[in-house]
Amino acid sequence: MSVDAFNSMMPMVDIGDEKPKFVSAHKANRNKYTDLEWLPGQGLDVITEDGIKVMNMHKPYKQGRNGDVSLWVNHVKHYYPEESEIIFDFLAYTLQFPTIKINYCLFMVGKQGIGKNQMFNPMQWALNHEFKPIDASNISSNYNDYLLGTKLLVIDEPRNTNDSRWHMAESLKTLLATANDEQEILINPKYGKQRFQRNLTNTIILSNHADSIRINNERRFFACYSDAPAQHAEYYQKLANCDYAAIVYWLRCRDLNYFNPKQLPTVTSSRERIENEARTELVEDVADFLQKYRAVGFKQVVELAKSHSKAIGEASIKRVIEEAGGKVEPRTKPSGARITRICPVIEGEPEKSGSRIKLVCLSKIPFNEAWNILRTYVQENKDLPTFGWNETF
């Protein structure tokens, strides 16, 4: 952390009639503190278990005051009516319990310009430097100093990155999952030393596109979907000038006795809508391919995938197959099976004794049934898939 960054977080020190001044980072470390740590729930001066005195980067959040919150509340309810109460609980819990992590993130999808970012301006006002809005490209970086001292992380538009949507979901797993609130995460800054920090960061992801992240079978994403259009410019000007202090106070007073931060809320219809819209053209083609033939060779699916993207790898192809409702069956060929020509069709390589083959079939079809389907295709040369199926028994 730079000296300027350190000084920006330091409180002003009253030294009587003299002009107040900032405490120098170098002087503070030399005379009083050994290091900086982010320790929510504790005071400015903290003695570690090793007897080392450190300065706590965490500052108490702003309390707010009573006032009119109707514009902001109605804005959230208008765009996310089914999920609005969970959104309010998520934000309220972040303010009321900084020492406890919520074990899932909000994945909020909506049209461009509807004011998704503006929904969280009150949180930025309350949390100050512990609120971090970042571009999604930071998630795949080797450096994650954006997590240092961060209570609420807002990731904007993951679809604009070069990462696949599967890789983005995988990259977030370490951040979203924690066994307990004492578990630590490694902070790797571009400049400065590595350090460990308790994984207490709550996360929100904002996107204009349902297919920006693959959330199928991912338990730690609470999906929020809106197809409502943007409103007039004057409306958003009023929203930008709403009473942040009143909103923060309202969230701080919210009853959370029923809220469990470690359990994903009931799945809403938004998740199904996002999963359906996120099915890419390739997934749709593989799904149609499997529905038509029920069982094919892995080679054929690879060729189909390559027709969409030459750079796609085998691991991504397997994920596409799973999302399309299929499975890959890497098995030893059935005992006594006469397949003098079927292995080259499936694998693209000559048959070898005891070799393993990779069939692709609908998830509900057993391996032996899939094998018999392929034998029938090859024997009868009937209705064969177009990718490479030009050989017969």
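Above this text is the structure in question.
The rules behind each value
- Residues numbered from 1 in each chain as written.
- Predicted model: local features only at pLDDT ≥ 70, side-chain atom pairs only at ≥ 80, totals over all residues.
- Heavy atoms only, no water.
- Pairing = 2+ DSSP bridges.
- Helix = DSSP H or I, 4+ residues; strand = E, 2+ residues; numbered from the N terminus.
- Axes fitted to C-alpha atoms, helices over the stretch in contact; angles between N-to-C directions.
- Buried < 20%, exposed > 50% of the residue type's maximum accessible area, 1.4 Å probe, protein only.
- Contact = heavy atoms within 4.5 Å.
- Arc of directions from axis to C-beta.
- Core = buried A, V, L, I, M, F, W, Y, C linked by side-chain atoms within 4.5 Å.
- Parallel < 35°, antiparallel > 145°, perpendicular 65-115°, else oblique.
- Left-handed = near helix turned anticlockwise from the far one by under 90°.
- Nonpolar A, V, L, I, M, F, W, Y, C, P; charged D, E, K, R; others polar.

J.: Go over the sheet that holds strand β1 (residues 35–37) with me, naming the residues and quoting the values.
T.: Sheets are built from strands paired through backbone hydrogen bonds, the pairs being either parallel or antiparallel. The three strands are arranged β1-β3-β2 in an open sheet whose pairing can be described as mixed. With one partner strand each, in any of the chains shown, β1 and β2 (45–47) form the two edges of the open sheet. Averaged over all adjacent pairs, the angle separating strand axes in this sheet is 45°, with direction ignored. Across three bridges, the pairing between β2 and strand β3 (residues 53–56) is antiparallel. Looking at β3, one finds that Ile 47 is bridged to Lys 53.

J.: Break down the environment of Asp 145 for me, citing the residues and quoting the values.
T.: Within the secondary structure, Asp 145 sits in the loop between β5 (131–135) and β6 (152–156). Its relative accessible area of 35% is what places Asp 145 among the partly exposed residues. Once residues lying within four places of it in the same chain are set aside, the contact partners of Asp 145 are Ile 187, Asn 188, Pro 189 and Lys 190.

J.: For the sheet that holds strand β9 (residues 202–207), give the residues involved together with the corresponding values.
T.: The five strands lie next to each other as β5-β6-β9-β4-β10, forming an open sheet whose pairing is parallel. At either margin of the open sheet sits one strand with a lone partner, and together these are β5 and β10 (221–225). Neighbour to neighbour, the strand axes of the sheet diverge by 20° on average, direction disregarded. When β6 meets β9, the two strands line up parallel, connected through five bridges. Each bridged residue has a counterpart across the sheet, and for Val 154 the counterpart in β9 is Ile 204. Of the strands in this sheet, β4 (105–109), β6, β9 and β10 are in contact with helix α4 (residues 84–96), which crosses β9 at around 140°.

J.: How would you sum up unusual backbone geometry? Please name residues and give values.
T.: Of note, Asn 128 is a non-glycine position whose phi angle comes to about 60°, a positive value. Assignment of secondary structure puts Asn 128 in the loop between α5 (121–127) and β5. Classification of Asn 128 as partly exposed rests on a relative accessible area of 48%. A positive phi is found at Glu 157, a non-glycine position, where the angle reads about 45°. For Glu 157, the location among the structural elements is in the loop between β6 and α6 (165–176). Exposure remark for Glu 157: the relative accessible area of 8% places this residue in the buried category.

J.: Which residues make up helix α3 (residues 70–79), and what values go with them?
T.: Buried residues of α3: Trp 72, Val 73, His 75, Val 76 and Tyr 79, and no others. Down the axis of α3, the buried set is contained in an arc of 155°. They therefore lie on one face. Residues of α3 that are buried sit in contact with α4, α5, β10, α7 (233–240) and α8 (244–252).

J.: Let's hear about the nonpolar core: which residues, and what values?
T.: Membership of the largest hydrophobic core comes to 44 residues, with the highest contact counts inside it found for Trp 72, Leu 91, Met 108 and Ile 204. Per-element accounting of this core gives the leading share, eight residues, to α4. Other than its neighbours up to four places away in sequence, Trp 72 contacts Phe 88, Leu 91, Gln 118, Met 119, Pro 122, Leu 239, Cys 242, Ile 247, Trp 250 and Leu 251. Counting residues in each nonpolar core, the second largest holds 32 residues, with Val 109, Ile 134, Leu 175 and Ile 205 among its members.

J.: Explain the environment of Lys 238 to me, and be specific about the residues and the numbers.
T.: Residue placement: Lys 238 occurs in helix α7. C-alpha of Lys 238 to C-alpha of Trp 72: the two residues are 166 residues apart in sequence and 9.7 Å apart in space.

J.: How would you explain the packing of α3 against α4 if you had to name every residue and give the values?
T.: Relative to each other, α3 and α4 sit at 130°, their axes nearing to 8 Å. The angle between α3 and α4 places the two elements in the oblique class. α3 and α4 meet at a crossing whose hand is right-handed. In this structure, α3 uses Trp 72, Val 73, Val 76 and Lys 77 to contact α4, whose residues at the interface are Ser 84, Glu 85, Ile 87, Phe 88 and Leu 91. Across the contact of α3 with α4, the residue classes tally to six nonpolar, one polar and two charged.

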